[in-house]
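# Structural overview
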Amino acid sequence: MSGSIMTILFVLPVVLLSMLLPLALVVALQVWLCRKGKWLGLILPAITLAMSLMICLSVVGFSAVTGGGSVQVTDGHGNIVEEYHREEEHHQLQPADLAMVGGVFLVFNVPTLVLGGIWLYYKNRREWKEDLKKMNIQDLGKGGASGEDALCGDRG
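Thresholds, definitions, all that
Residues numbered from 1 in each chain as written. Predicted model: local features only at pLDDT ≥ 70, side-chain atom pairs only at ≥ 80, totals over all residues. Heavy atoms only, no water. Helix = DSSP H or I, 4+ residues; strand = E, 2+ residues; numbered from the N terminus. Buried < 20%, exposed > 50% of the residue type's maximum accessible area, 1.4 Å probe, protein only. Contact = heavy atoms within 4.5 Å. Patch = residues over 30% accessible without salt bridge, like charges linked within 9 Å, V, L, I, M, F, W, Y side chains within 5 Å. Areas by Shrake-Rupley, 256 points an atom, 1.4 Å probe, with all protein chains shown as cover. Salt bridge = Lys/Arg side-chain N within 4 Å of Asp/Glu carboxyl O. Lys, Arg positive; Asp, Glu negative; His and termini not counted. Charge placed at Lys NZ, Arg CZ, Asp CG, Glu CD. Expected span 1.5 Å × (residues − 1). Core = buried A, V, L, I, M, F, W, Y, C linked by side-chain atoms within 4.5 Å. Phe/Tyr/Trp six-rings, centres within 6.5 Å; stacked < 30°, edge-to-face > 60°. Axes fitted to C-alpha atoms, helices over the stretch in contact; angles between N-to-C directions. Parallel < 35°, antiparallel > 145°, perpendicular 65-115°, else oblique. Left-handed = near helix turned anticlockwise from the far one by under 90°. Nonpolar A, V, L, I, M, F, W, Y, C, P; charged D, E, K, R; others polar.

### Thoughts on the overall build of the protein chain
Assigned secondary structure in the protein chain consists of five helices and two strands. The order of α-helices and β-strands along the protein chain, N terminus first, is α-α-β-β-α-α-α. Looking at the 156 residues of the protein chain, the share that counts as buried comes to 16%. In the protein chain, the share of contacts with a sequence separation of at least 24, taken over all contacts with a separation of at least 6, comes to 58%.

### Quick notes on the environment of isoleucine 118
Mapped onto the secondary structure, isoleucine 118 falls in helix 4 (residues 110-141). The exposure class of isoleucine 118 is buried, given its relative accessible area of 16%. In the structure, isoleucine 118 is positioned 91 residues away from valine 27 in sequence and 8.4 Å away in space, judged by C-alpha atoms. Non-local contacts of isoleucine 118, meaning those with residues more than four positions away in its chain, are made with Val27, Gln30, Val31 and Cys34.

### What about a positive patch on the surface?
Judged by side-chain charge, Arg35, Arg125, Lys129 and Lys133 come together as a positively charged surface patch. The dominant element in the positive patch, judged by the number of residues it contributes, is helix 4, at three residues. Following the sequence through the fold, lysine 129 ends up in helix 4.

### A closer look at helix 2 (residues 43-64)
A rise of 1.5 Å per residue sets the reference length of helix 2, with its 22 residues, at 32 Å; its end C-alpha atoms lie 32 Å apart and thus fit the reference within 8%. When we look at burial in helix 2, the residues that qualify are Leu44, Pro45, Thr48, Ser52, Cys56, Val59, Ser63 and Ala64.

### Points about the nonpolar core
Within the largest apolar cluster, five residues are counted, these being Val31, Cys34, Ile118, Trp119 and Tyr122. Of all the elements in the fold, those that place two or more residues in this core are helix 1 (2-36) and helix 4. Examining the composition of this core, we find that three residues originate from one element, helix 4, more than from any other. Those residues in contact with tyrosine 122, other than ones at most four positions away along the chain, are Val31, Cys34 and Arg35.

### Things to note about the packing of aromatic side chains
Across all of its chains, the model carries two aromatic pairs by this definition. On the basis of an interplanar angle of 35° and a centroid distance of 6.3 Å, the ring pair of tryptophan 39 and tryptophan 119 is categorised as tilted. You can see tryptophan 39 sitting in the loop between helix 1 and helix 2 and its partner tryptophan 119 sitting in helix 4, a full 80 residues away along the chain. What makes tryptophan 39 exposed here is its relative accessible area of 61%.

### Concerning the packing of helix 2 against helix 3 (residues 95-108)
Relative to each other, helix 2 and helix 3 sit at 160°, their axes nearing to 9 Å. By the criterion of interaxial angle, the relationship of helix 2 to helix 3 is roughly antiparallel. Handedness of the helix 2/helix 3 crossing: right-handed. Residues Thr48, Ser52, Leu53, Ile55, Cys56, Val59, Val60 and Ser63 of helix 2 form the contact with helix 3, whose participating residues are Asp97, Met100, Val101, Val104, Phe105 and Phe108. Considered class by class, the residues forming the contact of helix 2 with helix 3 number ten nonpolar, three polar and one charged.

Here it is in structure tokens:
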């Protein structure tokens, strides 16, 4: 029993690090790209979107074609009794196939949504800072009256 606990205690951190470290690196890369430029932050979401579309197209392609290949019939001793070639069968996509493709599309676009959310956060933050700068410049251009003077009136 203690051997399996030791295995779990050793394997669990290794598995978690091997999964979480690349994920953290991708998020850090996305944050860095978003800080570098407004449009650079769209690189990783575009890549993940393209990958999810390729996966969906491959699922559609593989679900539309079934069968085909060589079939071997053997006896109890492993000797080949009969061998023949079966043709591929093409069939129309069913609603269940389309539901499966939709589910695959949603699951594989979770990284796209996360990376796009990071991009949107930094984009809105950049626009907010630009608006704040414009507001400060406009306030300075009005004669330099502070907010306290505007609220309390002239103290001439």
